[in-house]
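Notes for the structure review
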Amino acid sequence: MSILIYPGSFDPFTNGHLDIVKRASRLCDRLIVAVSENSNKRSFFDSAERLSMIRTCLEGMPKVEVTSHAGLLVDFFRESGADAVVRGLRSESDFRYESEMATANKLLCADFEVLLLPCRMDLALTSSSIVREVASFGGDISGMVPEAICAYVTRRMRVK
Ligand code: COA
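For the structure given in this document, a descriptive report is provided here. Not measured: the values here are computed from a predicted model.

The secondary structure content of the protein amounts to six helices and five strands. Starting at the N terminus and ending at the C terminus, the protein contains elements arranged as β-α-β-α-β-α-β-α-β-α-α. Scaling as 2.2 N^0.38, a compact globule of 160 residues should have a C-alpha radius of gyration of about 15 Å, and the protein matches this with 15 Å. The C-alpha extent of the protein, read off along each of the three principal axes, is 45 × 35 × 30 Å. Classification of the 160 residues of the protein by burial places 48% in the buried group. Look at the contacts in the protein between residues 6 or more apart in sequence, and 75% of them connect residues 24 or more apart.

What follows is the structure, given as C-alpha cells:
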C-alpha cells in the first residue's frame, strides 16, 4: 500500500492546496493531509479549526485522511509508514525552499523522499496570507478557497 503525506500549515486551506490533494490522491492508495506547524509563522486559525475546515473540504474522498502533528515532519513520516511527502511548487523561490527542507529532512531520515508537484498556473500566485489579507478587507475570496469553507473564512476574518 502506497502512502503519501501532504503537510502544510494550511492557514487556511486554499484551492491551490485542494488541487494538490486531488492530484496526489491519484498517485497513492492513501493520502494523509497533515496540519503541521511552521515555527516561522504564527497561525491565525487554530489547529482544530484548520482540521475541521480541511475535513469539510475533503469529505467524500475515501483515500484521503486529515490529521495534525506536532514536532518534526520526519518523525511523523516514520510513524505513518509513509513512502513520500508531497509538496506543491508555485515558483522558483518555492523550489529553493523545498530543496532546503528536503535536504534537511533527508539528513534527519535517510528514507525520506519528497514529490514536488507543480501548481496549477492560475493558482500559483495565491497563498494563505493573500486569502487572509483579502478577506480581512472584506474582499471576495470565492475564487481562492473551496466553496465549503469560503463563508467560514470570511466570517472569521471579519471578527478577528
Ligand atoms: N497553491 C497555492 N498556495 C500554496 C500552495 C498551492 N498548491 N502550496 C502552498 N501554498 C502556499 C501556502 O498557502 C503558504 O502560504 P503562506 O506563506 O501565506 O502561509 C505558502 O505557500 C507556504 O505554505 P506551505 O507550502 O503549506 O508550507 P508551510 O510553510 O506552511 O509548511 C511545513 C511548511 C509545515 C511543512 C514545515 O514547516 C514543516 O515540515 N514543519 C514541521 C516541523 C519540521 O519538521 N521542521 C523542519 C523542516 S526541515
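There's more to say after this.
Here glutamate 49 lies in helix α2 (residues 47-58). Exposure remark for glutamate 49: the relative accessible area of 12% places this residue in the buried category. A polar atom in the side chain of glutamate 49 sits 2.5 Å from the side chain of tyrosine 152. With near-sequence residues (within four places) excluded, glutamate 49 lies in contact with Tyr152 and Arg156.

Turning to the nonpolar core, a few remarks are in order. If you look at the biggest cluster of nonpolar residues, it comprises 33 residues, and the most contacted ones within it are Phe13, Leu31, Val33 and Leu58. Those elements that place two or more of their residues in this core are β1 (3-8), α1 (15-25), β2 (30-35), α2, β3 (64-68), β4 (84-89), α5 (128-136) and α6 (147-158). At five residues, α2 tops the list of elements feeding residues into this core. Those residues within four positions of phenylalanine 13 in sequence are excluded, and the remaining contacts are Leu18, Val21, Ile54, Cys57, Leu58, Val145, Pro146 and Ile149. Ile32, Leu73, Phe77 and Phe112 belong to the second largest nonpolar core, which has 12 residues in total.

Further remarks concern the site of the ligand. In the vicinity of the ligand lie 24 residues, with Ser9, Asn38, Leu73, Ser128 and Ser129 positioned nearest. In the model, an oxygen atom of the ligand is placed 2.3 Å from a nitrogen or oxygen of the serine 9 side chain. One of the side-chain N or O atoms of serine 127 is found 3.5 Å from an oxygen atom in the ligand. Counting residues per element, the ones that place at least two in the shell around the ligand are α1, α4 (92-108) and α5. Ranked by the residues each element gives to the shell around the ligand, the list is headed by α4, at four residues.

Calculation rules
Residues numbered from 1 in each chain as written. Predicted model: local features only at pLDDT ≥ 70, side-chain atom pairs only at ≥ 80, totals over all residues. Heavy atoms only, no water. Helix = DSSP H or I, 4+ residues; strand = E, 2+ residues; numbered from the N terminus. Rg over C-alpha atoms; globule rule 2.2 N^0.38 Å. Buried < 20%, exposed > 50% of the residue type's maximum accessible area, 1.4 Å probe, protein only. Contact = heavy atoms within 4.5 Å. Polar contact = N/O pair within 3.5 Å; in protein donor to acceptor, adjacent residues only side chain to side chain. Core = buried A, V, L, I, M, F, W, Y, C linked by side-chain atoms within 4.5 Å. Near = heavy atom within 4 Å.

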